[in-house]
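Listed here are the chains, written in short residue letters.
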Amino acid sequence: MKNPLYITSHGILSRKGNTLYFINKDVEKTIPIHAINEINCHGKVSLKSGASSLLMKEGIPVNFFNKYGFYEGSLYPKIKLNSGLVVVNQSKYYLDNEKRCFIAKEFVEGIKHNILKTLKYYSKKGKDVDSFINEIEKEPINGEISQVMSSEGRIWKHYYQSFDFISKKFTLDKREIRPPTNELNSLISFGNSLLYATTLSELYQTYLHPSVSFLHEPSERRFSLALDFADIFKPIIVSRVIFKLLNTNKITEKHFDKDVGVLLNDKGKQIFISEYQNKLETTIKHKDLNKKVSYRYLIRLEGYKLIKHILEDKKYESFKMWW
């Protein structure tokens, strides 16, 4: 089984023959290239041309994040799964307002469902979040794209307001991004960036084009379909990782630096990434496939379901947590 590689320190990726190395002033480490499926660079990492060539040959993307934990870009191999039919139909569905609205609404239905599942889980554990559950349950999802996005925004607002009642470790107050102004905002932003990169890597394993989205507007500067899919899984992956780390005291004040904003330090990033990877590798019995699949693979399955929908094979239904 191949796994992602996370690099949190500064250094250089270099190649000797068919072997990849990570080198800095403290270490020269061999990277088992046939055991990884992506590289995520959270430090200042340079790639020698030989390393880049080897990674592209092996089909391994490299994702880069800035010091705030935000995704900056990727070095991607040439697309290995091509289907003109899928990309043409994907574009047609974006251009058809009725068809686009159906998919966008289904995305938000998935987001709403998974947020409510998460809140109800913590409500059963005695957390005072019932008022937020009630507000989210009342939120309608209908109308044009702008109305659907407004509903999504209100759902996320209520959800983030509940964070102060789930964990007393830090106070969120309000969601602030660039830069994160407190510890909870920092954790949310870091986790969301990790999930975006994971989602992008999973989309790379399908025939979908990551720039043609349905809820978020397509943009020249980002792969917006990855944003669409990532939002569905944030409540059950990112949020659960955050609350577990806080409620078990694995992340504390000592794991943050305060510069321009509040940022996870290297040790904090390593702890978060370890727990995040554990969550991605966790398996559940799939109700339709009748076999165990990982949380990570659930994201790829979302892509497969959307392909079936735009090829008019099977109506799309967004992922909704059932356990």
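In this text, all values refer to a predicted model and were calculated from it rather than measured experimentally.

Definitions and cut-offs
- Residues numbered from 1 in each chain as written.
- Predicted model: local features only at pLDDT ≥ 70, side-chain atom pairs only at ≥ 80, totals over all residues.
- Heavy atoms only, no water.
- Pairing = 2+ DSSP bridges.
- Helix = DSSP H or I, 4+ residues; strand = E, 2+ residues; numbered from the N terminus.
- Axes fitted to C-alpha atoms, helices over the stretch in contact; angles between N-to-C directions.
- Parallel < 35°, antiparallel > 145°, perpendicular 65-115°, else oblique.
- Contact = heavy atoms within 4.5 Å.
- Nonpolar A, V, L, I, M, F, W, Y, C, P; charged D, E, K, R; others polar.
- Salt bridge = Lys/Arg side-chain N within 4 Å of Asp/Glu carboxyl O.
- Buried < 20%, exposed > 50% of the residue type's maximum accessible area, 1.4 Å probe, protein only.
- Polar contact = N/O pair within 3.5 Å; in protein donor to acceptor, adjacent residues only side chain to side chain.
- Expected span 1.5 Å × (residues − 1).

Participant: So what exactly am I meant to see when it comes to the sheet that holds strand S7 (residues 62–65) here?
Facilitator: Strands pair in a sheet through their backbones, by hydrogen bonds, and they do so in one of two ways: parallel or antiparallel. Spatially, the four strands line up as an open sheet ordered S1-S5-S7-S8, and their pairing is mixed. Two strands close off the open sheet at either side, each with one partner strand: strand S1 (3–7) and strand S8 (71–75). Going from strand to strand, the sheet's axes swing by 20 degrees on average, the running direction of each strand aside. Pairing analysis gives four bridges linking S7 to S8, with the strands arranged antiparallel. Its bridge partner being in S8, Phe64 is matched across the sheet by Gly73.

Participant: So what exactly am I meant to see when it comes to the packing of helix H2 (residues 84–95) against helix H11 (residues 295–310) here?
Facilitator: Helix-helix packing: each pair is described by the crossing angle between the helix axes and the interaxial distance. Orientation of H2 relative to H11, taken along the N-to-C sense of each, is 80 degrees, at an axis distance of 9 Å. Considered as vectors, H2 and H11 are oriented roughly perpendicular to each other. Taking contact as the criterion, the partners of Val86, Asn89, Gln90 and Tyr93 in H2 are, on H11, Ile307, His309 and Ile310. Along the lines of polarity and charge, the residues of the contact of H2 with H11 split into four nonpolar, three polar and no charged.

Participant: Looking at this structure, I do not really get the pattern of salt bridges. What am I missing?
Facilitator: Once their charged atoms are close, side chains differing in charge can pair, the charge on each being opposite to the other. Applying the stated criterion across every chain, the model contains 15 salt bridges. Of the charged contacts, one joins Glu137 and Lys120 as a salt bridge, the two residues approaching to 3.3 Å between their closest N and O atoms. Taken together, the residues Glu137 in helix H4 (residues 130–137) and Lys120 in helix H3 (residues 97–124) connect sequence positions 17 residues apart. With relative accessibility at 39%, the residue Glu137 sits in the partly exposed group. Lys120 gets classed as partly exposed once you look at its relative accessible area, which sits at 38%. Glu275 is paired through a salt bridge with Lys250; the nearest N and O atoms lie 3.8 Å apart. Here Lys250 lies in the loop between helix H9 (238–247) and strand S9 (256–259) and Glu275 lies in helix H10 (residues 266–281), a separation of 25 residues in the sequence.

Participant: Would you mind showing me how to read the side chain of Asn40 here?
Facilitator: Residue placement: Asn40 occurs in strand S5 (residues 36–41). The class for Asn40 is buried, based on a relative accessible area of 0%. At a separation of 2.8 Å, a polar atom in the side chain of Asn40 contacts the side chain of Glu38. Once residues lying within four places of it in the same chain are set aside, the contact partners of Asn40 are Pro4, Leu5, Tyr6, Ile7, Asn63, Phe65 and Ala197.

Participant: Help me out: how do you make sense of helix H7 (residues 183–203) in this one?
Facilitator: The end-to-end C-alpha distance of H7, which contains 21 residues, comes to 30 Å, matching closely the 30 Å that a straight helix rising 1.5 Å per residue would cover. Burial analysis of H7 places 21 of its 21 residues in the buried class, the great majority of the element. Residue Asn182 occupies the N-cap position of H7, its side-chain oxygen lying 3.4 Å from the main-chain nitrogen of Leu184.

Participant: In this structure, what is going on with the environment of Lys285? I would like to understand it.
Facilitator: Residue position: Lys285 is located in strand S11 (residues 283–285). As a C-alpha pair, Lys285 and Trp323 span 38 residues in sequence and 9.4 Å in three-dimensional space. Excluding residues within four positions of it along the chain, Lys285 makes contact with Asn290, Lys291, Lys292 and Trp322.

What is shown is where atoms sit, not what they do.
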